[in-house]
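Take a look at the letters that make up each chain.
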Amino acid sequence: MKIASWNINGIRARKDALQAWILSREPDILVLQEVKASEAEVPSEISDFEGYRKFWNGSTIRKGYSGTGMLVRESLASGAVSREIPSFDLENRTIVLHTPFFSLIGTYVPRGESLVHYRIKLDYLDALRAYATELLASGMQVVIAGDMNVAHRDIDVHRSQNKPGAVGLRTEERFAIDRQIAAGLRDIMRERNPEANDLFTWWPYWRQARERNLGWRIDCFYLSSELCGRVIEVSVDSDEKSSDHAPVLLELDISDSV
């Protein structure tokens, strides 16, 4: 099974690139962040895309802001799957797909630029961890996929971007990720690439940051331990440059029941 996660930074602006990417990569599940559209505003090129069921938590809180979604291959969605918008969701940032194999939590964590929104960010990260922990305690396997808006360690941000006190690098944010990992959700990209200091998924729109790879690794997969043993490959599609974020991909062996 191939799961992809991508902050698309506007599904209407990126509809052609997204359609081409799906045709090229053929993910079984695609988790989208920053859709910036209500469900009714999703372009027909995506809403009518054949072979996939679509699940949305579109931009209803504020027009053209935030929004998440999932495209799920019909052969998977035809079974016992259900969508949930959990109670801790805010600003249309969370969508959950429960499957027979695992619960997949798609998330777009707040950036937290203002003091108020930074507090919201910390509360959201705490609620996300608590929700995932409840699923684990119930016996479910869990995948968290999405834009975490936190560079967990110094190795996850280019030294030119590593400014003390910057949002996304603060101690409280990183501690929230520490707690998530301590709860049993492993950062599989970093585990597979423990020393890579150029493994980034987002780049600012200035000073040729993308071309110079002056980026941050903030788009992640966090997996429960049993699923980590089923990982075939995890990667960043750095060749896809239509958004300021690159897609990240996870391939799992689910040939038998988890």
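Structure: see above.
Residues numbered from 1 in each chain as written. Predicted model: local features only at pLDDT ≥ 70, side-chain atom pairs only at ≥ 80, totals over all residues. Heavy atoms only, no water.

K.L.:
How should the sheet that holds strand β10 (residues 219–224) be read in this particular structure?
P.N.:
In a beta sheet, neighbouring strands are held together by backbone hydrogen bonds and run either parallel or antiparallel to one another. Here 6 strands make up an open sheet; going across it, the order is β5-β6-β7-β8-β10-β9 and the pairing mixed. The outermost strands of the open sheet, each flanked by one partner alone, are β5 (82–84) and β9 (185–187). Across the sheet, the mean angle separating the axes of adjacent strands is 20° when strand polarity is ignored. Across 5 bridges, the pairing between strand β6 (residues 94–98) and strand β7 (residues 103–108) is antiparallel. Bridge pairing links histidine 98 to serine 103 in β7. Those strands touched by helix α4 (residues 115–137) are β5, β6, β7, β8 (142–147), β9 and β10, and its axis lies near 175° from that of β7. Of the strands in this sheet, β8, β9 and β10 touch helix α5 (residues 171–182), which is tilted by about 30° from β10. (Pairing = 2+ DSSP bridges. Helix = DSSP H or I, 4+ residues; strand = E, 2+ residues; numbered from the N terminus. Axes fitted to C-alpha atoms, helices over the stretch in contact; angles between N-to-C directions. Contact = heavy atoms within 4.5 Å.)

K.L.:
Teacher, can you tell me more about the pattern of salt bridges here?
P.N.:
When their charged atoms lie close together, side chains carrying opposite charge are able to pair. Under the defined criterion, the tally for this structure stands at 16 salt bridges. Between aspartate 154 and arginine 174 there is a salt bridge, with its nearest N and O atoms 3.0 Å apart. Taken as a pair, aspartate 154 in the loop between β8 and α5 and arginine 174 in helix α5 lie far apart in primary sequence, 20 residues in all. Residue arginine 174 is classed as buried on the basis of its relative accessible area, which comes to 16%. Here arginine 217 and aspartate 156 are joined by a salt bridge, their closest N and O atoms 2.8 Å apart. Taken together, the positions of arginine 217 in the loop between α7 (209–212) and β10 and aspartate 156 in the loop between β8 and α5 put the pair 61 residues apart, joining distant regions of the chain. The exposure classification of arginine 217 matches that of aspartate 156, with both residues buried. Via salt bridges that share partners, Asp156, Asp187, Arg190 and Arg217 belong to a single interconnected network. (Salt bridge = Lys/Arg side-chain N within 4 Å of Asp/Glu carboxyl O. Buried < 20%, exposed > 50% of the residue type's maximum accessible area, 1.4 Å probe, protein only.)

K.L.:
Before we go on, may I ask you to explain the nonpolar core in this structure?
P.N.:
Note on soluble globular proteins: their nonpolar side chains tend to be buried together. Counting residues in hydrophobic clusters, the biggest one holds 34 residues, and the most contacted among them are Ile3, Ile29, Phe102, Leu104, Phe221, Leu223 and Leu250. Apart from the residues lying within four places of it in its own chain, the contact partners of leucine 250 are Met1, Lys2, Ile3, Ile188, Phe221, Leu223, Val231, Glu233 and Val234. (Core = buried A, V, L, I, M, F, W, Y, C linked by side-chain atoms within 4.5 Å.)

K.L.:
What should I look at first to understand the sheet that holds strand β2 (residues 29–33) in this one?
P.N.:
Read from one edge to the other, the open sheet built from 6 strands follows the order β3-β4-β2-β1-β12-β11, with strand pairing classed as mixed. Of all the strands in the sheet, the pair left with one neighbour each is β3 (52–57) and β11 (231–236). Mean inter-strand twist for the sheet, computed between neighbouring axes without regard to direction, equals 10°. Judged from the 6 bridges that link them, β3 and strand β4 (residues 68–73) form a sheet pairing that is antiparallel. Residue pairing in the sheet places asparagine 57 in a bridge with threonine 68 of β4.

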